[in-house]
Amino acid sequence: AIGVAISDGYYSSVGQRASSVLTEFINTDKEEITIEQILRMRSGLAANTNVFFSGDQTAHALANTLHTSPGTAFKYSNASSQLFEPLIRRATGLNAHSYLIEKILRPIGIDVINVGLWFDETGSHPMTYCCIDTTPRNFARFGLLYARSGKWDGQQVISDYWYQESTKLADGLDNYGLHWWVYPSVNLIGALGLHTN
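The rules we used
Residues numbered from 1 in each chain as written. Predicted model: local features only at pLDDT ≥ 70, side-chain atom pairs only at ≥ 80, totals over all residues. Heavy atoms only, no water. Helix = DSSP H or I, 4+ residues; strand = E, 2+ residues; numbered from the N terminus. Rg over C-alpha atoms; globule rule 2.2 N^0.38 Å. Contact = heavy atoms within 4.5 Å. Areas by Shrake-Rupley, 256 points an atom, 1.4 Å probe, with all protein chains shown as cover. Disulfide = S-S within 2.5 Å. Patch = residues over 30% accessible without salt bridge, like charges linked within 9 Å, V, L, I, M, F, W, Y side chains within 5 Å. Salt bridge = Lys/Arg side-chain N within 4 Å of Asp/Glu carboxyl O. Core = buried A, V, L, I, M, F, W, Y, C linked by side-chain atoms within 4.5 Å. Buried < 20%, exposed > 50% of the residue type's maximum accessible area, 1.4 Å probe, protein only. Polar contact = N/O pair within 3.5 Å; in protein donor to acceptor, adjacent residues only side chain to side chain.

J.: Quick question: what am I supposed to make of the overall build of the protein here?
T.: A tally of regular secondary structure across the protein gives 9 helices and 4 strands. Helices and strands appear in the protein in the N-to-C order α-α-α-α-α-α-β-β-α-β-β-α-α. Here the C-alpha atoms of the protein give a radius of gyration of 17 Å, agreeing with the 16 Å that 2.2 N^0.38 yields for 197 residues. In terms of overall dimensions, the protein has a C-alpha envelope of 60 × 40 × 35 Å along the principal axes. Relative to all contacts within the protein whose residues are 6 or more apart in sequence, the contacts with residues 24 or more apart total 57%. When the accessible surface of the protein is split by element, carbon and sulfur atoms take 52% of a total near 10400 Å².

Here you go:
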């Protein structure tokens, strides 16, 4: 959804400071954090903050403290991913679920009646780090969308540029792209010790 928001012109690039929208970060040690650093789990914000157990999970994420300099260390953090809730809502005017539905799910033929999208206890903040309930067939549709470089029935739902960038490892970084686990090409059959007849 962030990649689509960039394509839609709501953000100039992943290099844009999150504080351009997350005004709570202005004049703090979090002001320089970029959208890319959040996507790559290198924001420097604390991990393991138990965001799931917070009533207002967006407030929890916005109040998270800086532990390391942005861009210097990989720390997987659900609270960092929850920052996509205000990043999407404040830029597009739609909540993250509505934007996801409008821009990605409906265009690939997913009937949103069969999709469970979780909110935090406030009932107004979509959880953007987890919790989409749907059928294996619907998840497979999303997998096919990415396997087809972001195209569905001839329509470019996710830009080819975003497809390429999000699944690429940055030099010297852990096996994580732009919010994707990414692994170098390996022979999975050999790596897993599997044999074929």
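So, next bit.
J.: What should I look at first to understand the state of the cysteines in this one?
T.: Structurally, a disulfide amounts to a covalent bond that connects the sulfur atoms of two cysteines. Across all of its chains, the model carries 1 disulfide by this definition. Here Cys130 engages in a disulfide with Cys131; their sulfurs sit 1.9 Å apart. Looking down the S-S bond of the Cys130 and Cys131 bridge, the torsion is -75°, so its handedness is left-handed.

J.: Mind showing me how you'd approach a nonpolar patch on the surface here?
T.: Together, Phe52, Phe53 and Trp118 give the surface a local cluster of nonpolar side chains, amounting to about 350 Å² of exposed area. Looking at where Phe52 falls in the secondary structure, it is placed in the loop between helix H2 (35–39) and helix H3 (57–62).

J.: For this particular structure, what's the right way to read the nonpolar core?
T.: One recurring pattern in soluble globular proteins: nonpolar side chains tend to sit buried together. Core analysis: the largest hydrophobic core is formed by 39 residues, its most contacted members being Ile2, Leu39, Leu83, Leu87 and Trp162. Only helix H1 (2–7), H2, H3, helix H5 (84–92), helix H6 (96–105), helix H7 (136–147) and helix H8 (160–166) provide two or more residues apiece to this core. Those residues within four positions of Leu39 in sequence are excluded, and the remaining contacts are Ile2, Val14, Phe84, Trp162, Tyr176, Gly177, Leu178 and His179. Grouped together as the second largest cluster of nonpolar side chains are 5 residues, Ala79, Met127, Tyr129 and Cys131 included.

J.: Just to check I follow, could you spell out unusual backbone geometry for this structure?
T.: Across residues other than glycine, the phi torsion is negative in most instances, and most of the peptide bonds are trans. One non-glycine residue, Asn27, lies in positive phi territory at about 60°. Considering the arrangement of structural elements, one finds Asn27 in the loop between H1 and H2.

J.: Hey, could you run me through the side chain of Ser81 in this one?
T.: Assignment of secondary structure puts Ser81 in helix H4 (residues 78–82). At a separation of 2.7 Å, a polar atom in the side chain of Ser81 contacts the side chain of His179. Every residue in contact with Ser81, bar those within four places of it in the chain, is listed here: Met41, Thr128, Tyr129 and His179.

J.: Just to check I follow, could you spell out H6 for this structure?
T.: One turn of an α-helix holds 3.6 residues; hence residues three or four places apart share an orientation. Where burial is concerned, most of H6 is hidden: 7 out of the 10 residues are buried. Looking at the buried residues of H6, the elements they touch are H1, H5, strand E1 (116–117), strand E2 (132–133) and H7. A side-chain oxygen of the first residue of H6 lies 2.9 Å from the backbone nitrogen of His97; this N-cap is Asn95.

J.: Would you mind showing me how to read the side chain of Gln37 here?
T.: Within the secondary structure layout, Gln37 lies in helix H2. Residue class for Gln37 comes out buried when judged on its relative accessible area of 18%. Not counting the four nearest positions on each side in its chain, Gln37 is found in contact with Glu32, Arg42, Ser43, Pro70 and Gly71.

J.: Would you explain the environment of Gly177 in this entry?
T.: One can find Gly177 in the loop between H8 and helix H9 (188–191). Sequence separation between Gly177 and Gln164 is 13 residues, and the spatial gap between their C-alpha atoms is 9.9 Å.

J.: How should I be thinking about the pattern of salt bridges in this particular structure?
T.: Should their charged atoms come close, side chains of opposite charge can pair. Using the criterion set out here, one finds 6 salt bridges in the structure. The closest approach of N and O atoms between Arg89 and Glu85, which form a salt bridge, is 2.6 Å. Placement of the pair is Arg89 and Glu85 together in helix H5, with a separation of 4 residues, close to one helical turn. Residue Glu85 is classed as buried on the basis of its relative accessible area of 0%. Among the salt bridges present, the one from Glu165 reaches Lys168, with a minimum N-O distance of 2.8 Å.

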